Amino acid sequence: MHPSYPAEPYKIKVVEPIAMTTRAQRLQYIQEAGYNTFLLNSQQCYIDLLTDSGTTAMSDNQWAGMMLGDEAYAGSKNFIHLQEVVREYYGFKHIIPTHQGRGAENLLSRLCIQPGDYVPGNMYFTTTRAHQELNGATFVDIIIDEAHDSQIDLPFKGNVDIAKLQKLIDEVGPERIPYVCVAVTVNLAGGQPVSMANLRAVHALCAPLGIKVMFDATRCVENAYFIKEREATHHHQSIRDILKEMMSYADGCTMSGKKDCLVNIGGFLCMNDDELYQRASEMVVLFEGMPSYGGLAGRDMEAMARGIEESVDYHYIHHRIAQCRYLADQLVAAGIPIVQPVGGHAVFLDARQFLDHIPQDEFPAQTLAAQLYLESGVRSMERGIVSAGRNKQTGEHHRPKLELVRLTIPRRVYTYAHLDVVAQACKDLYARRHEIRGMKMVYEPKFLRFFTARFEPLVAQTASRPAAAPQVAELETA
Ligand SMILES: *Cc1c(COP(=O)(O)O)cnc(C)c1O
């Protein structure tokens with residue numbers, strides 16, 4: 001193996017067998033799931049790259065911590081430990097645990113947003129924007145234009161476009177902007193990082209105007225790795241020090257512990273402002289629980305505290321990023337279109353190019369995800385028009401430029417050999433891509449539709465379609 005792909009910095013102590021399926025079984029399963037990979041059961045999947053959220057393999061040290069859970073209703077020792085660790089590694093004054101990231105997003109949005117406000121962000125995230133809109137805000141995308149182009153190779157493609165932010169401030173006034181939400185890294189742009197210089201610039205613009213900067217810190221360790229790798233002034237700094245400096249340019253953050261805190265459940269909201277903390281402590285009781293547990297068991301908080309400590313280990317994060325690159329390098333070598341550069345948690349197939357004969361309203365990324373499952377038992381996720389939802393005023397689909405399928409790498413779970421299987425499945429599918437047809441949506445839920453929407457493959461109807469074997473027939477004879 002090439003030295004740029006380091007071997008695992010851990011060894012295996014417990015194994016979990018994974019289900020093997022036949023193509024005939026997978027056809028039945030994906031039909032039952034309405035061609036939505038979210039609706040498959042895990043036992044129907046061979047390699048599960050749906051998400052890296054909560055799918056982490058915990059360490060022996062974290063499991064040992066689970067046995068030290070102090071399940072007191074208030075003031076558990078594990079909360080005290082978590083608070084210490086968050087203060088030490090992230091640097092914020094106050095922490096409120098929540099059951100996961102969106103619990104923190106709910107609190108922040110309710111506490112800070114007034115109807116008619118604007119919340120700028122470096123590209124949207126599904127749950128983040130949903131909570132902002134639920135509270136009457138309009139989300140405004142202030143990411144640099146290049147982030148919307150899947151082929152532009154930039155070191156910090158998640159950066160905020162300072163001119164766009166300035167323009168919004170000029171248009172609506174600082175008092176209509178309760179906070180700027182900066183995601184580090186940007187999930188929906190392909191896991192693209194934000195530079196330290198950019199974080200500093202956002203803070204410098206907002207602080208004098210009284211606009212808070214709140215990070216979506218979910219993938220902050222991955223972001224810190226990219227800063228170390230790509231920003232010359234930080235090459236020699238530790239991941240831990242970079243992380244702490246990043247956070248010094250924010251007034252607080254929401255965190256999904258299910259990602260970079262290396263746990264299966266948990267999250268938190270942080271802030272430096274005492275008054276905001278006071279109000280958040282009152283509100284968390286309604287939605288999550290006491291401010292000292294926020295919907296988590298003591299053992300969950302212990303695992304998260306230990307996960308935060310482990311997450312800044314260079315060897316851990318170096319291997320994680322290398323796994324993404326290993327998969328991406330194989331796909332690129334086969335000519336398969338992916339988002340460039342490769343981000344921190346996943347490889348994103350560019351479904352717009354992969355299936356360039358399928359119009360966006362026929363859900364190319366959703367189709368590709370369903371077909372990849374059928375081909376190989378590999379489960380992936382749509383991140384395109386289905387995830388983007390509808391405009392709340394006009395009811396029209398949001399039509400994002402990026403129409404992607406996300407192959408998300410869980411932390412410390414799969415080996416390079418598993419990634420070889422994934423690469424081969426993508427290559428096989430790419431070879432027969434012209435046989436694949438789009439789909440129609442037959443059930444659409446009101447909120448966050450990608451989770452539970454159902455689809456059916458389109459049957460060839462018009463003369464303009466090639467008469468080649470329609471997808472349905474192909475599926476049924478498989
Ligand atoms: C996962 C995620 C969230 C939401 O966190 P949950 O724990 O799933 O509720 C928010 N922002 C980003 C960038 C995420 O990846």
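For clarity, every value in this text was computed on a predicted model and none was experimentally measured. (Residues numbered from 1 in each chain as written. Predicted model: local features only at pLDDT ≥ 70, side-chain atom pairs only at ≥ 80, totals over all residues. Heavy atoms only, no water.)

(A) Up close: helix α8 (residues 220-230). Where burial is concerned, most of α8 is hidden: 9 out of the 11 residues are buried. Those residues of α8 lying buried are Cys220, Val221, Glu222, Asn223, Ala224, Tyr225, Phe226, Ile227 and Lys228. Turning to α8, the residues buried within the fold contact α7 (196-206), α9 (239-247), β7 (252-256), α11 (298-311) and α12 (314-333). (Buried < 20%, exposed > 50% of the residue type's maximum accessible area, 1.4 Å probe, protein only. Helix = DSSP H or I, 4+ residues; strand = E, 2+ residues; numbered from the N terminus. Contact = heavy atoms within 4.5 Å.)

(B) The arrangement of the sheet that holds strand β12 (residues 404-408) in detail. Taken in spatial order, the 3 strands line up as β9-β12-β11 in an open sheet, and their pairing is antiparallel. With one partner strand each, in any of the chains shown, β9 (346-350) and β11 (381-383) form the two edges of the open sheet. Adjacent strand axes in the sheet meet at a mean angle of 35 degrees when their direction is disregarded. Direction of pairing for β9 relative to β12: antiparallel, over a ladder of 5 bridges. When the bridges of β12 are listed, Asp350 appears paired with Leu404. (Pairing = 2+ DSSP bridges. Axes fitted to C-alpha atoms, helices over the stretch in contact; angles between N-to-C directions.)

(C) Structural detail: the nonpolar core. Formed by 62 residues in total, the largest nonpolar core has its most connected members in Tyr90, Phe215, Cys220, Phe268 and Ile308. Here this core takes 6 residues from α8, the largest share from any one element. Counting residues domain by domain, this core receives three or more from each of domain 1 (23-52 + 314-473) and domain 2 (60-311). In this view, Tyr90 contacts Val85, Cys220, Lys244, Met247, Met255, Cys261, Phe268 and Ile308; residues no more than four positions away in its chain are not counted. Core analysis: the next-biggest nonpolar cluster, separate from the first, contains 36 residues, Ile47, Leu331, Ala425 and Leu429 among them. (Core = buried A, V, L, I, M, F, W, Y, C linked by side-chain atoms within 4.5 Å. Domains from an automatic or database assignment.)

(D) How the structure looks around the site of the ligand. Within the structure, the ligand sits among 13 residues, and Gly101, Arg102, Asp216, Ser256 and Lys259 are positioned closest to it. Within the side chain of Asn187, an N or O atom sits 3.0 Å from an oxygen atom of the ligand. Separating an oxygen atom of the ligand from a side-chain N or O atom of Arg219 is a distance of 3.2 Å. A total of 3 residues in the shell around the ligand trace back to one element, the largest contributor, which is helix α4 (residues 101-112). The residue inventory of the shell around the ligand, partitioned by class, reads 1 nonpolar, 6 polar and 6 charged. (Near = heavy atom within 4 Å. Polar contact = N/O pair within 3.5 Å; in protein donor to acceptor, adjacent residues only side chain to side chain. Nonpolar A, V, L, I, M, F, W, Y, C, P; charged D, E, K, R; others polar.)

(E) Region of interest: the pairing of strand β4 (residues 138-141). Of the strand pairs in this sheet, strand β3 (residues 118-121) and β4 are connected by 4 bridges, and their pairing is parallel. Paired with Gly121 across the strands is Asp141, a residue of β4. Since β3 and β4 lie parallel, the crossover through helix α5 (residues 126-134) that links them has a hand, and here it is right-handed. (Right-handed = clockwise from strand over helix to strand, strands pointing away.)

(F) Highlighting the packing of helix α6 (residues 162-172) against α7. Running from N to C, α6 and α7 point in directions that differ by 15 degrees, and their axes come no closer than 11 Å. As judged from the angle between their axes, α6 and α7 are roughly parallel. Judged by the twist between their axes, the crossing of α6 over α7 is right-handed. Two secondary-structure elements touch here, α6 through Ile162, Leu165, Gln166 and Ile169 and α7 through Asn198, Ala201, Val202, Leu205 and Cys206. Within the contact of α6 with α7, the residues separate by chemical class into 7 nonpolar, 2 polar and no charged. (Parallel < 35°, antiparallel > 145°, perpendicular 65-115°, else oblique. Left-handed = near helix turned anticlockwise from the far one by under 90°.)

(G) Examining the domain arrangement of the protein more closely. Domain annotation for the protein reports domain 1 (23-52 + 314-473) and domain 2 (60-311). Placing the centre of domain 1 and that of domain 2 at their C-alpha centroids yields a distance of 28 Å. Contact residues are listed per partner, giving 34 residues for domain 1 and 43 residues for domain 2. Carbon and sulfur atoms make up 54% of the area that domain 1 and domain 2 hide from each other, which totals about 2,900 Å². Our count for the contact surface shared by domain 1 and domain 2 stands at 6 salt bridges. Arg325 is the salt-bridge partner of Glu229, the closest N and O atoms lying 3.0 Å from each other. No other element matches the 7 residues that α12 contributes to the side of domain 1 that touches domain 2. When grouped by side-chain class, the residues that make up the side of domain 1 that touches domain 2 number 16 nonpolar, 8 polar and 10 charged. (Buried area = accessible area lost by both parts, 1.4 Å probe. Salt bridge = Lys/Arg side-chain N within 4 Å of Asp/Glu carboxyl O.)

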